[in-house]
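What follows is the residue order along each chain.
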Amino acid sequence: MSEPGTHEFTVVSSRDIHIGRVVGLRIDELVMPGGGTARREVVEHLGAVAVCAVDDDGAVTLIHQYRHPVRDRLWELPAGLLDKDGEDPLDTAARELVEEAGLAARRWDTLVDVAASPGFTDEVVRVYLARELTEVDRDVHGEEEADLVITKVPLAEAVGMALSGEIVNGATVSGILAAHAVLADGLAARDPHAPWRHRPTTFAARLR
């Protein structure tokens, strides 16, 4: 057996189970450290972006929308899928900010990249910090976006909502805590075009 941390988990076979519009499901068979094999179910995802938009008064824009898998309305940052072939993730974030919140931003930074649940999916969400905001007309797409509620919450209050369990969306919790670290504690954010090592690409390649 190889030393811990050195084994190569080679894929010896892969079988597609379902290929949908937003996700795919496949089963990979991997070579394990002891020499045997094990199967892993993998949900392929397009990837997504989210936007922590903080205004000059220190308030963050949140949306309240229905999420069917959890059968509840959740507090979230404006966000969207990387579903336009060739579109830069920052452009996707700017577009989603207009569509969901009716906001445009002149200043952008990268806050965090969040692996949603890497035990079974390659979904990773990049969360941006948007500042120097102006209000613009919303460009609503579909019935779900028409139903969402938009509100502004002081960033420190949003941190409290995350810690109390009122906000549970992973990218939203991470983005709010990271934005507070940058804006209140003075930690550095990354360039808006910072390298994105774990951006999902497998499912998008299927759709081309």
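Residues numbered from 1 in each chain as written. Predicted model: local features only at pLDDT ≥ 70, side-chain atom pairs only at ≥ 80, totals over all residues. Heavy atoms only, no water.

Draft legend 1. Region of the structure containing the overall build of the protein chain. Within the protein chain, the regular secondary structure consists of five helices and ten strands. In terms of principal-axis extent, the alpha carbons of the protein chain reach across some 60 × 40 × 35 Å. When each of the 208 residues of the protein chain is scored for burial, the buried share is 41%. Split by element, the accessible area of the protein chain, about 11500 Å² in all, is 51% carbon and sulfur. Averaged over its 21 positive side-chain charges, the protein chain has a centre that lies 4 Å from the centre of its 36 negative ones. (Helix = DSSP H or I, 4+ residues; strand = E, 2+ residues; numbered from the N terminus. Buried < 20%, exposed > 50% of the residue type's maximum accessible area, 1.4 Å probe, protein only. Areas by Shrake-Rupley, 256 points an atom, 1.4 Å probe, with all protein chains shown as cover. Lys, Arg positive; Asp, Glu negative; His and termini not counted. Charge placed at Lys NZ, Arg CZ, Asp CG, Glu CD.)

Draft legend 2. Highlighting the pairing of strand 1 (residues 11-19). The pairing of strand 1 with strand 2 (residues 23-31) spans seven bridges and is classified as antiparallel. Considered in strand 2, the bridge of I19 is made with G24. Here strand 1 folds back onto strand 2, and the loop between the two strands holds three residues. (Pairing = 2+ DSSP bridges.)

Draft legend 3. Fine view of helix 1 (residues 89-101). An ideal rise of 1.5 Å per residue puts 18 Å on 13 residues; helix 1 measures up with 17 Å between its terminal C-alpha atoms. Extensive coverage of helix 1 is indicated by the burial of ten of its 13 residues. Along helix 1, the residues classified as buried are P89, L90, T92, A93, R95, E96, L97, E99, E100 and A101. Positive phi appears at G102, one or two residues downstream of helix 1, with a value of about 65 degrees. (Expected span 1.5 Å × (residues − 1).)

Just geometry here; none of it tells us what the structure is for.
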